[in-house]
Amino acid sequence: MSVPVEPRRRGVLPLLAPETARAVLAPPRLPQIALPSVALARDAASLLLPVRLETPTVAGRTLLARALHAAAGRTGPLVAAEGRCRALHDLPAGASVLIDLAAVTVPATAVLEALLDDGAAWLLVGTLPGREIPAALAARLDAVTLRVPPLAERVHEMPAIATDMVAMVSARRGGPAPALSAEALAWLITRPWPGDLPELETVIARGLLRAGTATITVGHLSGEEKAVPAEPMPGARAGGQARVEYLAAEIAHELKNPLVTIKTFADHLPAMLDDAELRTRFAGLASESIARMDDLLENVLAFARQGAPQPSAVEIGPLLDAVVAEVEPELAARGVRLHYTRANGARRSADADQLAYALRNLLGGVLREVPPGDALQVDGRAPGVVRVVFAGRDAAAARLRELIAADAGFDPHDPTFLPLPFTLARTVLERNGGALEVRADGDARTMLEVYLPDGGPSGGMNRGG
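Values in this document were obtained by computation on a predicted structure and should not be read as measured data. (Residues numbered from 1 in each chain as written. Predicted model: local features only at pLDDT ≥ 70, side-chain atom pairs only at ≥ 80, totals over all residues. Heavy atoms only, no water.)

With that out of the way, let us pick up the nonpolar core. Counting residues in hydrophobic clusters, the biggest one holds 42 residues, and the most contacted among them are Leu355, Leu362, Val366, Leu376 and Val450. Residue assignment for this core shows that the elements contributing at least two residues are α11 (276-305), α12 (316-333), α13 (352-367), β10 (375-379), β11 (385-390), α15 (420-431), β12 (435-440) and β13 (446-451). Top contributing element to this core by residue count: α13, with 9 residues. Residue contacts for Leu362: discarding those within four places in its chain leaves Phe422, Ala425, Leu429, Leu436, Leu448 and Val450. In this structure, Leu25, Ala44, Ala65 and Leu98 belong to the second largest nonpolar core, which totals 25 residues. (Core = buried A, V, L, I, M, F, W, Y, C linked by side-chain atoms within 4.5 Å. Buried < 20%, exposed > 50% of the residue type's maximum accessible area, 1.4 Å probe, protein only. Helix = DSSP H or I, 4+ residues; strand = E, 2+ residues; numbered from the N terminus. Contact = heavy atoms within 4.5 Å.)

So, in C-alpha cells, the structure goes:
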C-alpha cells in the first residue's frame, strides 16, 4: 500500500495513451539517432534498470518519462518526486518514479540510492545536458541514457518537427492542418528556442489560433501584424559558393548521424555483453551506419574523380536499363511499384559514365520522396528526355524546384531537403550540356524531367524535340 504524501512532494502523473506515447518516442519529435537508446530504455523496465533522461527542459523530461512508462507496459502509476523525495517507500507494484535531479535536494540522493537498492520501482532520472551528477549516483545511472539534443541543434529537422506539431495541435480542434509558409518555416529555424519543444508547441498553437485554417505566416507565429523577416544565417554566400557550402554541410550531416549510432553502440557495449539480442540489434545498426557512410564517401569520391566530359554517341536505352536495374532492389525492399518504359533507339552525345552517374543519383534522390508501397514511373520514350513521375507530398515538387532553380533563388541554409544526390547529378548533367526541370503532372504527382545533352557541353540540350 502506498503511503499518503503531500501533493507538492509527490504526485501521480496522468498516463499517456499508447498511440501518443509512440509518437513522443519516434521521429520527428525525437531525432533518428535517439531510437536505439529508446529501445534500450524501454527494455530496461523489465530489469528495473534506471534510465537517465538528459533533455534541455523539465517539461521535455516529464513527457519522455510518461511515454516510456506507457511504452514499457508498466502496470503501476508513474510518480513524480521532488524536494526531499519524502514517502517514496511502499510503492505499488509496477510503479515507476520520475526524479529530476535539478529539482531535488542533496539529501534526497540518499533516498534515490535506497530506491536503487530496493529494486521496488523503475527509476527515470532527469538531468540537464552537461550538468554533473553526484559522484555517489553517477556510476549507478550509466546503464542507459536517453539524450535528446536541444532544438537549436536540430535545425535540419525543423521542417519535419514543425509540420508534425502543426498536425498534432490541429488534431485537438479537428479538421485539416494548415500549411506553414516558407517564411514562417525560415523564421522558426532562426529562433534560439531556450524553451525547446514545449516552447515550439506554444508558438505553433498561437499561430494556429491566429491563422485559423489559413496558411500560417510569420505574423501569426510571432504575434505581430507585420511579418518578421528571418535573420540570415552567419556565413551566407550567393551563387556557386553557396552551393559549395551547402554541399559541404550536407556531407557533414550525412556522416554525423551514422557516427552517432556507432558511438552509441560503443558506449553501451559493456552493458550489452551478456545480452545477445541487444548485441545483435546494435551490431546491425552499426553495420548499416558504416555501409551508409561508405556509400556516401564512394559517391562523393566518384564525383571528385570526374574530369572534363569525354563525349561519345551513347545509346540511352541500355544505359537507362542498367541504372534502373541498380535501384530495383531498394524499390522492392520498400514495396515501391516500378513502371518502366525504356528509351528505344535514342542516342545522345555525352560522357556515358558521367551520364549514368547523374541518372543514378537522381533516381536515388527520388527514392527518398516515394512513400513505401507507392509507385514510381520512369519513362524514356520522349526523344532526349527521361521523365520520372512519383506521387509525392505537395512540398516535394517545391523542394526539388528550389534545388534546380538558378543560383539567385537558392538558399544554402534551407534544411527542408537533403539535396546531395540532386546537387551532384545536376552539376554533372550541366557539365555535359543537360538540364533538369520539375513540374506537376496534373494528377497531384511530381514529374522530374531530365533533358539529355544533344551535342556535348557546347551543343546545348534537347527539350523533348
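Having put the structure on the table, let's press on.
On to the packing of helix α6 (residues 158-173) against helix α8 (residues 196-211). Where α6 meets α8, the axes come as close as 9 Å, and the angle between the chain directions of the two elements is 60 degrees. Overall, the two elements α6 and α8 adopt an arrangement that is oblique. As α6 packs across α8, the resulting crossing turns out to be right-handed. Residue-level contacts link Met158, Ile161, Ala162, Met165, Val166, Met168, Val169, Ser170, Arg172 and Arg173 of α6 to Leu197, Leu200, Glu201, Ile204, Ala205 and Leu208 of α8. For the contact of α6 with α8, the residue count by class is 12 nonpolar, 1 polar and 3 charged. (Axes fitted to C-alpha atoms, helices over the stretch in contact; angles between N-to-C directions. Parallel < 35°, antiparallel > 145°, perpendicular 65-115°, else oblique. Left-handed = near helix turned anticlockwise from the far one by under 90°. Nonpolar A, V, L, I, M, F, W, Y, C, P; charged D, E, K, R; others polar.)

Of the two faces of strand β9 (residues 347-350), only one is covered, namely that formed by Arg348 and Ala350; the face formed by Arg347 and Ser349 stays uncovered. Pairing of strand β7 (residues 312-315) with β9 involves 4 bridges; the strand directions are antiparallel. Along β9, the bridge assignment pairs Ala313 with Ser349. (Pairing = 2+ DSSP bridges.)

Attention shifts here to the environment of Glu183. In this fold, Glu183 is placed in helix α7 (residues 182-190). Residue Glu183 is classed as exposed on the basis of its relative accessible area of 51%. Along the chain, Glu183 and Thr217 lie 34 residues apart, while their C-alpha atoms are 6.9 Å from each other.

Attention shifts here to the packing of α12 against α13. Two elements in contact, α12 and α13, have axes separated by 10 Å at closest approach and are oriented at 35 degrees. As α12 runs across α13, the sense of the crossing is right-handed. Note on element contacts: α13 touches α12 through Ala352, Leu355, Ala356, Leu359, Arg360, Leu363 and Leu367, opposite Ile316, Leu319, Leu320, Val323, Val324, Glu326, Val327, Glu330 and Leu331. Looking at the contact of α12 with α13 residue by residue, the class counts come to 13 nonpolar, no polar and 3 charged.

A word on α15. Taking 1.5 Å as the rise per residue, α15 with 12 residues should run 16 Å; its terminal C-alpha atoms sit 17 Å apart, in good agreement. Most of α15 is tucked away, with 9 of its 12 residues classed as buried. Regarding α15, the residues found buried are Leu420, Pro421, Phe422, Thr423, Leu424, Ala425, Arg426, Val428 and Leu429. (Expected span 1.5 Å × (residues − 1).)

Take α6 next. An ideal rise of 1.5 Å per residue puts 22 Å on 16 residues; α6 measures up with 23 Å between its terminal C-alpha atoms. Every buried residue of α6 is listed here: Met158, Pro159, Ile161, Ala162, Met165, Val166, Val169 and Ser170. All buried residues of α6 lie within an arc of 165 degrees about the axis, which places them on one face of the element. If you follow the buried residues of α6, they end up packed against α7 and α8. (Arc of directions from axis to C-beta.)

Now for the pattern of salt bridges. Counted by the stated rule, this structure contains 13 salt bridges. Across the pair Arg52 and Glu54 runs a salt bridge, and its minimum N-O distance is 3.1 Å. The two residues Arg52 and Glu54 agree in class, both being buried. Put simply, Arg360 and Glu326 hold a salt bridge, and the shortest N to O gap is 2.9 Å. Here Arg360, found in helix α13, pairs with Glu326, found in helix α12; they are 34 residues apart in sequence, far enough to count as distant. Taking relative accessible area as the criterion, Glu326 reaches 46% and is therefore assigned partly exposed. In this structure, a network of salt bridges that share partners links the residues Arg52, Glu54 and Arg147. (Salt bridge = Lys/Arg side-chain N within 4 Å of Asp/Glu carboxyl O.)

With omega at 5 degrees, the peptide bond leading from Pro27 into Pro28 counts as cis. By secondary structure assignment, the location of Pro28 is in the loop between α1 (18-24) and α2 (35-44). The phi torsion at Trp193 lies on the positive side, around 55 degrees, for a residue other than glycine. Topologically, Trp193 is positioned in the loop between α7 and α8. In this structure, Asp196 takes a positive phi of about 60 degrees despite not being glycine.

With 72% of its residues at a pLDDT of 70 or more, the chain has an overall mean of 76. When pLDDT is averaged over each element of the chain, α8 comes out on top at 93 and helix α14 (residues 394-404) at the bottom at 52. Every residue in residues 1-9 scores below 50 in pLDDT, and together they form 18 contacts with partners more than four places removed in sequence or on other chains. (pLDDT = per-residue confidence, 0-100.)

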